[in-house]
Amino acid sequence: MNEKITERFPKWLWIVIPVALLLGSIAIFFATNPLEPLGVQAPPVEEVTVERTILDEDGIHLTVRVNGSEPVKIAQVLVDDAYWEFTQTPKGPLSRLSSANIDIPYPWVQHELHEIKLITSTGATFAHTIEVAEPTPVWSMQRVWAYILLGIYIGVIPVGLGLLFYPYLKTLGSKGLNFLLTLTIGLLGYLLIDTLQEGLEISQRAAGVFNGTLMVWLTTGIAFLIIFAVGRRGGQAPEGLSLSTYLAFGIGLHNLGEGLAVGAAMASGEAALGSFLVVGFTLHNLTEGIGIAVPLLDRKTGFGTFVNLTLLAGLPAAAGTLIGAFSYAPHWGAILFAIGAGAILQVMVEVGFFLNKNTRTGTWFTVPNLAGFVLGIAIMYGTALLVNV
Amino acid sequence: MSFKFSRKFFLKTGLLSGAATMLGSLFTGGRSVQSGHSDYQEERSPNKDEPHGGMTTMGQVDHKRNGFDPHKMLTDWDTGQVSTLPNGQTLREYEIVAMDKEIEIAPGIFFPAWTYNGRIPGPTIRCTEGDRIQIHFINSGSHPHTIHFHGIHSAAMDGVPATGPGMIGPAESFTYEFDALPFGCHLYHCHSTPLKRHIHKGLYGAFIVDPDPTLHPGHEQAARSRVLGTDENERWQEFLILMNGFDTNFDNENEVYAANTVAFAYQNKPIQVDRNRPVRVYLINVTEFDPINSLHLHANFFDFYDHGTTLTPTSETIDTVMMCQAQRGILEFSFEGFEPGKYMFHAHQSEFAELGWMSFFDVVDGEVSV
C-alpha cells in the first residue's frame with residue numbers, strides 16, 4: 001500500500017512535504033505561543049563576549065559578539081568603574097550572534113590593568129579585563145619582519161637543527177630505528193595533548209553560543225579523518241618521505257598554534273619574551289626535527305628534501321606569530337589548534353603503523369620501545385619547562 | 001524541552017547568519033560599518049556644552065517615561081492636603097502608593113524598581129514641627145511593604161514587621177499617623193524584610209520638618225528662614241539632594257550612583273543658582289551596600305547641620321561631609337561675589353563620582369532660568 005502511494009507521486013515531493021510540515025509547525029509555534037501556560041516571563045537571557053581588543057592613541061577598541069533571546073542593547077560602557085563615552089558601530093540593538101565595534105576614547109595607562117564593563121539595557125553587566133595594557137602593534141615592514149624572525153627562531157631553526165642529526169641517526173640500525181619511532185610517537189603524544197589543551201583553553205574565550213569545547217573536539221576528529229583519508233588515498237599507509245611530509249605538516253600546524261600563542265602573548269604584553277624563552281623554544285622544538293627525520297632513515301634522501309621539510313614544519317610558526325600579534329577572534333584560534341591536533345593524531349597513527357610493520361619479532365610492545373615513548377614525552381615536557389612563563 | 005528547541009534553533013539559524021559575519025571578520029580589523037536600525041541609540045552623544053572630560057554616560061534619560069524629572073525633584077516640596085484640627089493643630093494628609101515600576105536610571109539602563117508614587121525618591125514630605133501627619137499608605141506592589149519614618153512616633157506607627165500593622169501586604173492599606181517631630185531633615189523608607197532589597201529597589205524619600213519659630217526663642221530668625229513660604233525663606237534657594245545607588249545586576253554592588261536617582265543628571269544639566277541668594281541643600285544618604293557616601297563642594301565651603309535638628313551649625317566652614325546610610329543634614333552656603341561659572345560638587349569617593357554621582361552648580365548673576 002505504502003509503496004504504491006510513494007510511487008504514484010514524484011520523488012521530490014517527499015522532500016517538499018516534510019519541509020513544508022516543519023515550516024508549518026514552526027509557524028504555528030510562533031503564532032500560538034504554546035509555552036504561555038508555563039508562564040515564561042523571565043528577563044531576556046543575554047551574553048556579550050569581547051572577541052578582540054585593540055589599544056591605540058585614540059583609546060580602546062573592542063569587537064564584541066552578542067547572544068541572547070532578544071536583541072541586546074548595550075546601554076553604557078564603564079572603564080575602571082567609570083562611565084565613559086563610546087561609539088558603537090553598527091548602532092542600535094544587536095541581534096543574536098552579530099558583532100559590533102565599541103570605540104572608547106579612554107586614556108589607558110601602559111603596562112597597567114584595565115577593567116571594562118558593558119551594561120545592557122536590562123542592567124546586566126559583562127566584564128572584560130585587559131591584563132596588561134600595551135599598544136596593539138600596527139603593521140609596518142620592520143615589525144612584520146621582526147615577528148617573522150621570531151617565528152623562524154622558534155620554528156624553522158630548531159626543526160632544521162633536529163634534522164641535522166640525520167647522518168648520526170642513520171648509523172643506529174634497525175633496533176635504533178624502532179626506538180626512535182617510539183620516541184617520535186611519544187613526542188607526538190605530548191604535542192597532541194598540548195595542542196588540544198591550548199585549543200580548549202582558547203575556546204573558552206569564544207562566545208558561548210559556539211560551544212567552544214564541542215567545536216574543538218569535533219574539528220580535531222574531522223581533521224584527523226580527512227588527513228588520514230588523504231594520506232591513505234593510494235590504498236596504503238604513507239611511508240618514507242611521504243610519512244615524513246605528513247609529520248612535517250602536522251608539526252607545522254602545531255608550530256602555527258605555538259607561534260599564535262607566542263605572538264599574542266608578546267603583543268598583549270603578557271609575556272616578557274626574553275632571549276631565554278627563545279632559546280627554550282629552540283631546544284623544545286629541536287626534538288620535532290629528529291622525529292621528522294626518522295621515517296627517512298632507511299632510504300636515501302637529498303639535501304633539498306630536508307630544506308623543504310624544515311620549511312613545512314617550521315615556517316608556520318612565523319605565520320602564527322604574525323596572526324597572533326595582530327589579534328584574532330578566539331573561535332578561529334580554537335579551530336586552528338583543533339586542526340593541528342587532528343593532524344598530529346594522524347601522524348601518530350601512521351608512525352604507529354610504520355612501527356608495527358617494521359617490527360619482525362611479533363610484538364612491538366617492548367621495553368626499548370616503551371623507553372623511547374616515555375623519553376619522547378619526557379624530553380618535550382622537560383624542555384617545555386623552559387618556555388612556560 | 002524549550003531549551004532543546006532554542007539550542008537547535010541557534011544551531012540552524014544562528015550558524016547560517018553568523019557565518020557570513022564571521023567570514024568577513026576573519027583576521028581583519030572587522031571595521032565594517034553597517035547601516036543599523038536604531039530606535040534608542042539615535043542621540044548617543046554626551047552634551048558637548050557641559051564639562052565631563054569623556055567621563056559620562058551616552059544619550060539621554062527619558063524623564064517623561066520615568067514620570068519624574070531630577071531637576072524638578074530638587075524643589076518639589078509636597079506639603080500635603082492641609083486642614084486644621086479642632087484643637088488648632090495643622091493636619092497634613094498624604095497618599096502614598098507603593099508600586100512596581102521600571103525606571104531608567106542612566107541612559108538606556110532600566111531598573112526594575114519598587115517605588116513610592118512611581119518615583120525615586122518618593123514624594124518629598126515637607127511640614128512644620130508639631131503638625132499632625134496622616135499618611136494613607138496603599139500597597140499596589142507585588143511584595144509586602146511598609147513606611148518607616150525617621151521621626152518621633154509610637155511603636156505601632158513605626159512601620160516595621162510584626163509591630164502595629166506590621167508589613168502591609170499587596171492590595172492592603174494602612175494610615176500612619178503621628179506628630180512631625182523633631183524638626184530637621186529626615187527620611188522615610190520601607191522596612192519590610194529583606195530590608196536591604198526593599199531599600200535598594202527604591203522605596204525611600206525625604207521627610208523635612210521645618211522648625212516652628214515660636215518654639216525657638218533666640219533663634220527665631222534662623223528658624224523662620226527654614227519655614228517654607230515665609231519671606232525669610234523666599235531668599236533661600238533650597239534643594240533636595242538624595243544620594244542613592246542602583247545595583248542593576250543584583251550582585252550586591254552598585255553599578256550606578258546618583259544624586260536623585262539619575263546618573264550624571266546634574267553634570268549633564270547643571271543646577272542653576274543665583275549668586276546673590278544663599279543656597280540650602282537638604283542632603284540625605286540612602287546608598288545601599290556601601291558604608292558611606294559623601295558630598296564635596298568645589299571652590300567654596302559650607303556650614304553643616306547634622307540631621308538638621310539644630311539651628312546653629314554642627315560643623316562650620318567645611319567643604320566635604322560624609323554620611324552613613326540614613327544619615328542626613330542641611331548644608332548652607334553662598335556664592336556671593338563669586339565669578340559666574342560651573343562649580344562642581346560630587347561624592348568624594350571618586351568611584352561613586354565616576355559611576356554617576358557627579359554634579360555642577362551653574363552660578364549666574366541674577367535670575368536663574370529653569
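Here goes a summary of the coordinates provided. Values in this document were obtained by computation on a predicted structure and should not be read as measured data. (Residues numbered from 1 in each chain as written. Chains lettered and ligands numbered in written order. Predicted model: local features only at pLDDT ≥ 70, side-chain atom pairs only at ≥ 80, totals over all residues. Heavy atoms only, no water.)

## Comments concerning the overall build of chain A
Definition in use: Secondary structure elements follow DSSP: runs of H or I of four or more residues count as helices, runs of E of two or more count as strands, with numbering from the N terminus. For every residue, the accessible area obtained with a 1.4 Å probe (protein chains only) is divided by the maximum for its type, and the residue is called buried under 20%, exposed over 50%, and partly exposed between those limits. In what follows, residue pairs with any heavy atoms lying within 4.5 Å of each other are defined as contacts. Here the accessible surface of atoms and residues is derived via Shrake-Rupley with a 1.4 Å probe, and residues count as covered only by protein chains that are part of the display. When charges are counted, Lys and Arg are positive and Asp and Glu negative, with His and the chain ends excluded. By convention, charge coordinates are those of NZ in Lys, CZ in Arg, CG in Asp, or CD in Glu.
Along chain A, the regular secondary structure elements total 11 helices and eight strands. Looking at chain A as a whole, 51% of its 389 residues qualify as buried. At a minimum sequence separation of 6, the contacts of chain A that also span at least 24 residues come to 76%. On chain A, roughly 18500 Å² of surface is accessible, and the fraction owed to carbon and sulfur atoms is 67%. Separation between the mean location of the 19 positive side-chain charges and that of the 27 negative ones in chain A comes to 18 Å.

## Quick word on the sheet that holds strand β8 (residues 125–130) of chain A
The criterion, for reference: Only strands joined by at least two bridges in the DSSP assignment are considered to pair.
If you trace the four strands from one edge of the open sheet to the other, you get β4-β3-β7-β8 (chain A), paired in antiparallel fashion. Each edge of the open sheet carries a strand with a single partner, namely β4 (83–84) and β8 of chain A.

## With respect to a nonpolar patch on the surface
The condition that has to hold: A residue counts toward a patch only above 30% relative accessible area and without a salt bridge, and it is joined to like-charged neighbours within 9 Å or, for Val, Leu, Ile, Met, Phe, Trp and Tyr, to nonpolar neighbours within 5 Å. By definition, a salt bridge exists where a carboxyl oxygen of Asp or Glu is found within 4 Å of a side-chain nitrogen of Lys or Arg.
A grouping of W145, L149, Y153, I157, L161 and L164 of chain A is seen on the molecular surface, where their side chains present a nonpolar patch of about 580 Å² in accessible area. Relative to the assigned elements, L161 of chain A resides in helix α3 (residues 141–163).

## Re the pairing of strand β16 (residues 302–306) of chain B
Residues and elements named next belong to chain B. Relative to strand β17 (residues 315–318), β16 runs antiparallel, the two sharing two bridges. Note on β17: the bridge partner recorded for F302 is I318. Bridge analysis of β16 against strand β19 (residues 328–333) gives four bridges, and the strand direction is antiparallel. By the bridge assignment, D303 is partnered in β19 with E332.

## Digging into the sheet that holds β19 of chain B
Where strands meet in a sheet, backbone hydrogen bonds hold them as pairs that are either parallel or antiparallel. Residue and element names in this part refer to chain B. The cut-off we apply is this: Axis definition: a line fitted to C-alpha atoms, limited for helices to the stretch in contact. Angles are taken between N-to-C directions and run from 0 to 180 degrees.
Here six strands make up an open sheet; going across it, the order is β12-β11-β14-β19-β16-β17 and the pairing mixed. Since the sheet does not close on itself, it has two edges, and those belong to β12 (256–259) and β17, each with one partner. Strand-to-strand twist of the sheet, defined as the mean angle between neighbouring strand axes without regard to direction, takes the value 20°.

## What about the pattern of salt bridges?
All names here are of chain B. Evaluation of the coordinates by the stated rule reveals 15 salt bridges over all chains. Note that E104 is salt-bridged to R65, the shortest N-O span being 3.2 Å. With E104 in strand β3 (residues 90–106) and R65 in helix α2 (residues 63–66), this pair connects stretches of sequence that are 39 residues apart. Here E104 falls in the buried class, since its relative accessible area comes to 3%. Linking D131 and R92 is a salt bridge whose minimum nitrogen-to-oxygen distance equals 2.6 Å. Of this pair, D131 sits in the loop between β5 (124–128) and β6 (132–139) while R92 sits in strand β3, and the two are 39 residues apart along the sequence. For the residue pair D131 and R92, the accessibility class agrees, reading buried in each case. A single network of salt bridges, built from pairs that share partners, joins R126, D210, E238, R280 and E332.

## A closer look at the state of the cysteines
All names here are of chain B. The condition is simple: Only a pair of cysteine sulfur atoms within 2.5 Å qualifies as a disulfide here.
Across all of its chains, the model carries zero disulfides over all chains by this definition. The cysteine C185 is free of any disulfide, with C127 supplying the nearest cysteine sulfur at 12 Å. A relative accessible area of 0% means that C185 is categorised as buried.

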